[in-house]
Amino acid sequence: GGMSWHFLFPAMIILGFAFAFSGGGRPAYKVGVHPPEALEDSAAFPLLATRYLEFIPVDNLDDAISKVSRHQLDILVSRQSVVRYWINEESQKGHLAEKVLLGSYDGALTKEIVGGKQVRYVDWLVPGILAMNMMFSALFGVGWMIVRYRKVGYLKRLKATPTRAYEFLIGQILSRLVVIMGSSTVVFAGSWALIRFPVNGSVLLLALVFAVGTFCLISLGLVFAARFTNEELVGGLLNFLTWPMMFLSGVWFSLEGVNPMLRKAALAFPLTHIVNAARGIMIDGETIVDVIPELSILSILSIALLAVGSALFKWE
């Protein structure tokens, strides 16, 4: 089982990314277009004839402007009575996309700069990196270690004590949660001292999001650790889960350019909701009302995964 993952894992990762980024050569810039009907009129919208641009239809203008500030869109164009466009002046790709836009139009264009403090890529990246670090600590710290306990007979000895399975699992969850939150606090404080990334929302709310998200990820790790005894197999399974989650949850790059089916599938990953909520709090200053959907999803997933892990758990 462990050896099989040496062959299956890289092949499945390659096939998965080939599907996610299917098509011809990757576009150089992502251009949001408002309203979506403008994409159907190439004569009135000459930018459509430009190669290596990916045009993304936009219904909600305010949401798209926020994506420009987060580097999820390189430039946003609204073709109504007056052609307007929005850019983030800190975005290198946005600067070049603006040159392409200006070269494709003869008439006047109205330039809009995204309001508020400009968002650096590192500011956009930090919430995802923190969440990704928690993911690895939660999944491997619990999933792999419990399998190790079972293999060396530690769980078998615990079975002979009055300890119940749910007590052991809750103890594992709480101890790992304390370790992860403590170490993440140190990483967060140290990174902020060096980089001075923005935290426009509540730090306590951010801690709540990370705590609920970590609890969910630990519960997910328990599902993998419930019955297996082969460390190599579990390591392969966890890698098979963490790598797609890491790349398709918006940690490193925007999901705007991936296959639409995978954008929807990414919503099943706990990491996606952790990153979205943390990024909203740190960059946009969102309140608890704004992140309730993410917290609700993470809480429901936690309960469901913990129930499955407890039902499948075996001592030997």
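Residues numbered from 1 in each chain as written. Predicted model: local features only at pLDDT ≥ 70, side-chain atom pairs only at ≥ 80, totals over all residues. Heavy atoms only, no water.

Participant: How would you explain the pattern of salt bridges if you had to name every residue and give the values?
Facilitator: In this structure the tally under the stated criterion is three salt bridges. The salt bridge partner of Lys67 is Asp63, with a shortest N-O separation of 3.8 Å. With Lys67 and Asp63 both in helix α2 (residues 61–69) and four residues apart, this pair spans about one turn of that helix. A relative accessible area of 39% means that Asp63 is categorised as partly exposed. The partner of Lys111 in a salt bridge is Glu98, with the nearest N and O atoms 3.3 Å apart. A residue pair is termed long-range when its members are at least 10 positions apart, and Lys111 in strand β5 (residues 110–113) and Glu98 in helix α3 (residues 92–104) qualify at 13 residues. (Salt bridge = Lys/Arg side-chain N within 4 Å of Asp/Glu carboxyl O. Helix = DSSP H or I, 4+ residues; strand = E, 2+ residues; numbered from the N terminus. Buried < 20%, exposed > 50% of the residue type's maximum accessible area, 1.4 Å probe, protein only.)

Participant: So what about the pairing of strand β1 (residues 29–34)? Which residues, and what values?
Facilitator: Counting buried residues along β1, six of its six residues qualify, which places the element largely inside the surrounding structure. Going residue by residue along β1, you find Tyr29, Val31 and Val33 tucked away on one face and Lys30, Gly32 and His34 tucked away on the opposite face as well. As defined by bridge partners, β1 adjoins strand β2 (residues 53–57) across five bridges and the pair is classed as parallel. Across the sheet, residue Tyr29 finds its bridge partner in β2, namely Leu53. (Pairing = 2+ DSSP bridges.)

Participant: Describe the environment of Phe247, and please don't skip the residues or the numbers.
Facilitator: One can find Phe247 in helix α8 (residues 231–248). A relative accessible area of 23% places Phe247 in the partly exposed class.

Participant: Any details on the nonpolar core? Residues and values, ideally.
Facilitator: Counting residues in hydrophobic clusters, the biggest one holds 59 residues, and the most contacted among them are Met135, Ile146, Phe168, Phe210 and Met245. Those elements that provide at least two residues to this core are α4 (121–151), α5 (154–159), α6 (165–195), α7 (203–225), α8, α10 (270–284) and α11 (288–312). It is α7 that provides the largest number of residues to this core, a total of 12 residues. Once residues within four sequence positions are removed from consideration, Met245 is found in contact with Met135, Leu217, Leu220, Phe269, Pro270 and Leu271. If you look at the next biggest cluster of nonpolar residues, it comprises 16 residues, including Tyr29, Val33, Ile75 and Tyr105. (Core = buried A, V, L, I, M, F, W, Y, C linked by side-chain atoms within 4.5 Å. Contact = heavy atoms within 4.5 Å.)

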